[in-house]
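# Analysis of the macromolecular model
Here's the letter readout for the chains.
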Amino acid sequence: MIHLAKREKMNPLAAWGIRLAAFVLGLIVCGLLAFLMVEKLQKEPGKILDFYKCFIDGISSQNAKSFFENRKLWVFMKNTAVLLCIALALTPAFRMRFWNIGGEGQTLVGVLAAIAVSLYLGGRKGEESLLPEWALVILMFFAAVIAGAVWGVIPALFKAKWNTNETLFTLMMNYIATFLVSYFLIIWVPSGSSALGKLPYGSLPNIMIYPEKASAPSNKYLLIILISLVLAVGLYIYMKYSKHGYEISVVGESERTARYVGIKVKTVTIRTMILSGALCGLTGFLIAAGLDNSVTTESVGGQGFTAIMVSWLANFNPLLMILTSGIIIFLNQGADQISTTLSVSGAFPNVVIGVMLFFIIGCEFFINYKICRSRDERKEAVR
Amino acid sequence: METERIPSLEMRGITKRFGEVVANRNVNLKVYPGEVLAILGENGCGKTTLMNMASGIYFPDEGQVFVNGREAVIRSPKDAYDLKIGMIHQHFKLVDLFTAAENIDLGIRGSNLKDVNARVREIADKYGFVIDPEKKIYEMSVSEKQTVEIIKVLYRGADILILDEPTAVLTLQEIRKLFSVLRSMVQDGKSVIIITHKLNEVLEVSDRVAIMRKGEHIATVDTCDTNESQLTEMMVGKKVALNIERSEPLDPSPRLEVRHLNARDKEGLPVLKDVSFTVNGGEILGIAGIAGSGQKELLEAIAGLQPLDSGEIIFHNPKKDKPVTYFHKSQRRVRELAKQGAFHYTDGRPVDVKTMTRRQVTAGEVLFNEDEIMNLRDKTPLQIRQLGVRLSFVPEDRLGMGLVGNMGITDNMMLRSYRKGHAGMLNRKKPAELAKQIIQELEVVTPGISTPVRRLSGGNVQKVLVGREISSAPKVLMAAYPVRGLDINSSYTIYNLLNRQKKSGTAVIYVGEDLDVLMELCDRILVMNSGAVTGIADGRTVEKEELGYLMTKTHHAGGEEAEQE
């Protein structure tokens, strides 16, 4: 008989070995699938290297003259940064075992609030802005952060007061956020497509040091990338070295212990969700002011959910999230590249992503559990 | 005559081990059709384990089980049902949203619900249960839920019913009702086994009593031939000498007064009933009692974790002739106390605080006249700390309450003290020093100070917890089952630590289950039963039987018993 047993703890080096092996194995399986599913490869099996090269091409422009002009690389870093920000935002809540799966909605209301400020205080194309650009950006920042915090704190208040289920609650808040955006789009754009279009004022690149180079990817994205990295380090310090972070860990590990040492569980829950929501709102601000200058129901595009995986994969360690968010974006862009280079249907890239994630997530099982035969178990018992 | 009858269930030479712990050793037991057999014993004596083997939850390591004279192999609850053995567990296993009938039918291929309702009514009428088969479980009282569990077992055709502590959650009237249905079932030729530790119930309902002690079967006697004191004696056994150090209390003065505490649990059932006692500084007060008699709730009430219906918890802060300290932060509070004449100078002159600055007051010149008296009722653990009351509590659930299993020793040391310092950041320097000190002094075996404590052995976990709790030089130290699951050496380390606290003037409250330990360690022993104090005895002179009697006595005789000692 074969059965599973929980491992005590694996040597970290061995664990990383397993993860690397899983990644490579995933790539091999993807290659085999490519033979089965891609016509081009069936005709010319030698082109399999092209398949793998797509992953590199996905994140790096072939004809870039320098690092600063490598557009794809900057897009890769930008996308990673946005995903990282949301994942970081969710992390304090997750550490508290408060399953905040409302990152999507909390970010989206952040975008909405920032754009509302830009629209009402700045104006549309052809209109004169009421405020100087820097003041507008600051106001957008606060609007987004507050909106996100409110969206985050509502489920926390209900949880503290009536012990509602936070998973369902935060999930439902996502839909409310989406419909809120639809509603405002109808108000703002009463006729036609309901697409707001790019707003001219309240743009982060506008207030950067070299406004004349505002469109260069390196300049446009640098601030967002730096903010996400600062946030990662900051949150790491907050979680590990601050009293708040300590309280979050204690509450997450055992509410009874928290009560026993006099930590107010409700206060910590509410405070942490304000932080979590506010960081999502901050990400919303970065999307609104730094990238899109507009809002649609797809402004966050499901990254609020992907971020959950990023945070889990990194075992809630903010610094590791830089790596895990990078891997996810790497796979996404690689898959996009596959569909252009090999001209295959839209489904195959998704298959590749799915297979890779299956291996990456699946290998955690072998890190946490071991498979043993029943006979071994007796030996264990004797020991 | 007994030789003619075939026992409906017989267990012969049953032994069950869990790792190194022997839960049952060579137990023999017989139950005949048409009788109630009570299994009597203290906590952890293996009653439930034994019955779990009859109902297929565990499988014995050694020994045989016979059902109606034929050897049976019971590997699962389903096997037990096939042999017509049914067990009603202490914790009910019912689906809240289903009706009684749906729960009863659950797991045996769905029959027509109407038929089930009819059959349930039929069974209820036959034995005198009162039940509405269409009522949902969440609308039911505890006793109704128990009725559902019993009918569930009968519905499946059980002839041998095992009830694990069935009266623990019932009121007196409900117990009467339960006993009357048990009797009608017995008249119908069924066998009933009832696990209990309540003597009066044993005498009231059973035909025979099997007494167990520390995993062994001591004797089986006919109920009509025995009495309470004989049963108690068999249950607790003879005194065993342990040679635990016990010094005379030094200068005992009241430290903590508990007056008329009443409290309820989440279901609204009373868990503390008019509990009053005083514990002195410099003594160890033992608390004895069957598990679940309110010991946990009592300690949690003192620690500020259990809401109270009524009562007072008065703490005497030993401040006499001690300087006013930084704990008395508010100047107003100090002035109030001064007005009441609470302070004097080192040379005995009374203090006029009006002319003094705060700094002068707290400089050490101003002393208290008397001990400071505080009421801790309705204070949270944090408020208690902020009042300057050094109250330490070693809870029963070490890793679920006292410590955080996934954190290292250093971070667990901080649990009590992390708020110190004004900045928002943690200072791990002192906790790390404390961790190292505790590891060294208490000989904690651990790979390092950052190893998660859940990976340490039980004894080491307990040393870490006790070490932290005594590191703050407590005025009151409460410890619930601090040696449970510990080996002999670790146990003695804990006894020594408690004794050291006692000698330094701390009031120690020790909740224990081993009477021999209580009788050698404690100066006085308070006995609880179902939430009430049944007596306070002198630890040096009390007889073991007396403790056993107090532990099982149901109706407590008010305060008289307590005054006698």
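Predicted, not measured: the structure shown is a model, and the values here were computed from it. (Residues numbered from 1 in each chain as written. Chains lettered and ligands numbered in written order. Predicted model: local features only at pLDDT ≥ 70, side-chain atom pairs only at ≥ 80, totals over all residues.)

### Brief notes about the overall build of chain A
- For chain A, the count of helices and strands is 15 helices and 2 strands.
- By the compact-globule yardstick of 21 Å for 383 residues, chain A fits well, its C-alpha radius of gyration being 23 Å.
- In terms of its C-alpha atoms, chain A occupies a principal-axis envelope of roughly 80 × 70 × 35 Å.
- For chain A, the residues scored as buried account for 40% of the 383 residues in total. (Helix = DSSP H or I, 4+ residues; strand = E, 2+ residues; numbered from the N terminus. Rg over C-alpha atoms; globule rule 2.2 N^0.38 Å. Buried ≥ 20, exposed ≤ 12 C-beta atoms within 10 Å, placed from the backbone.)

### Re the overall build of chain B
- A tally of regular secondary structure across chain B gives 20 helices and 22 strands.
- Overall, chain B is about 90 × 50 × 50 Å in size when its C-alpha atoms are taken along their principal axes.
- Taking all 565 residues of chain B together, 44% fall into the buried category.
- In chain B, the proportion of contacts linking residues at least 24 apart, taken out of those at least 6 apart, comes to 70%. (Contact = placed C-beta atoms within 7 Å.)

### Focus: the confidence of the model for chain B
Residue and element names in this part refer to chain B.
- Here chain B shows a mean pLDDT of 85. Residues at 70 or above account for 90%.
- Model confidence for chain B, summarised as mean pLDDT per element, is weakest for helix H20 (residues 560–564) at 39 and strongest for strand S20 (residues 507–511) at 95.
- Low confidence marks residues 556–565, where pLDDT is under 50. Its contacts with residues over four positions away, or in another chain, come to 13 contacts.
- The complex prediction reports pTM at 0.77, with the ipTM value standing at 0.81. (pLDDT = per-residue confidence, 0-100.)

### A short note on the confidence of the model for chain A
- Looking at chain A, pLDDT values average 87 and 93% of them are 70 or higher.
- In this model, residues 374–383 of chain A is a region of pLDDT below 50 whose contacts with residues beyond four sequence positions or in other chains number 3 contacts.

### Quick look at the packing of helix H3 (residues 48–59) of chain A against helix H13 (residues 318–341) of chain A
Residues and elements named next belong to chain A.
- Between H3 and H13, the least distance of the axes is 7 Å, while the angle of their chain directions is 120°. In this view, H3 runs oblique relative to H13, as classed from their interaxial angle. Note on packing geometry: the crossing formed by H3 with H13 is right-handed. Here H3 contributes Asp50, Phe51, Cys54, Phe55, Asp57, Gly58 and Ile59 to the contact with H13, which in turn contributes Phe330, Gln333, Gly334, Asp336, Gln337, Ile338 and Thr341. (Axes fitted to C-alpha atoms, helices over the stretch in contact; angles between N-to-C directions. Parallel < 35°, antiparallel > 145°, perpendicular 65-115°, else oblique. Left-handed = near helix turned anticlockwise from the far one by under 90°.)

### What to know about the nonpolar core
- Counting residues in hydrophobic clusters, the biggest one holds 238 residues, and the most contacted among them are A:Ala114, A:Met140, A:Ala144 and B:Met478.
- Excluding anything up to four places from it in sequence, A:Met140 contacts A:Ala114, A:Val117, A:Ser118, A:Gly202, A:Phe285, A:Ala288 and A:Ala289. (Core = buried A, V, L, I, M, F, W, Y, C linked by C-beta atoms within 7 Å.)

### A short note on unusual backbone geometry
- Residues other than glycine seldom take positive phi values, yet B:Asn68 does so here, at roughly 50°.
- Using a count of 15 C-beta atoms within 10 Å as the deciding quantity, one classes B:Asn68 as partly exposed.

### With respect to the sheet that holds strand S13 (residues 284–288) of chain B
All names here are of chain B.
- Read across the open sheet, the 6 strands follow the order S18-S19-S20-S13-S21-S22; overall the sheet is mixed. Each edge of the open sheet carries a strand with a single partner, namely strand S18 (391–394) and strand S22 (532–538). Adjacent strand axes in the sheet meet at a mean angle of 15°, parallel and antiparallel pairs treated alike.
- Note that S13 and S20 share 4 bridges and pair parallel. By the bridge assignment, Gly286 is partnered in S20 with Tyr510.
- Where helix H16 (residues 458–471) meets the sheet, it contacts S18 and strand S19 (476–480), and its direction lies at approximately 175° from that of S18.
- Taken strand by strand, helix H17 (residues 488–503) contacts S13, S19 and S20, and its axis lies near 150° from that of S20. (Pairing = 2+ DSSP bridges.)

### Considerations on the sheet that holds strand S11 (residues 254–264) of chain B
Residue and element names in this part refer to chain B.
- As summarised here, the arrangement of the 4 strands in space is S12-S11-S14-S17, forming an open sheet in which the pairing is antiparallel. Two strands close off the open sheet at either side, each with one partner strand: strand S12 (270–280) and strand S17 (372–375). Pairs of neighbouring strands in the sheet enclose a mean axial angle of 15°, with direction left out of account.
- Contacts from helix H9 (residues 295–302) reach S11, S12 and strand S14 (310–317), with the element oriented near 60° to S12.

### Considering the interface of chain A and chain B
- Between chain A and chain B, the contact holds 14 residues from the first and 21 residues from the second.
- For the side of chain A that touches chain B, the secondary structure elements donating two or more residues are helix H9 (243–253) and helix H10 (255–260) of chain A.
- Here the side of chain A that touches chain B takes 5 residues from H9(A), the largest share from any one element.
- Split by residue class, the side of chain A that touches chain B holds 5 nonpolar, 5 polar and 4 charged. (Nonpolar A, V, L, I, M, F, W, Y, C, P; charged D, E, K, R; others polar.)

### Thoughts on the environment of B:Tyr345
Residues and elements named next belong to chain B.
- Relative to the helices and strands, Tyr345 is located in strand S15 (residues 343–345).
- Looking at Tyr345, the number of C-beta atoms within 10 Å reads 11, which means it is exposed.
- Residues Tyr345 and Ala158 lie 187 residues apart in sequence; the distance between their C-alpha atoms is 79 Å.
- The residues touching Tyr345, leaving out its near neighbours within four places in the chain, are Val351, Glu365 and Val366.

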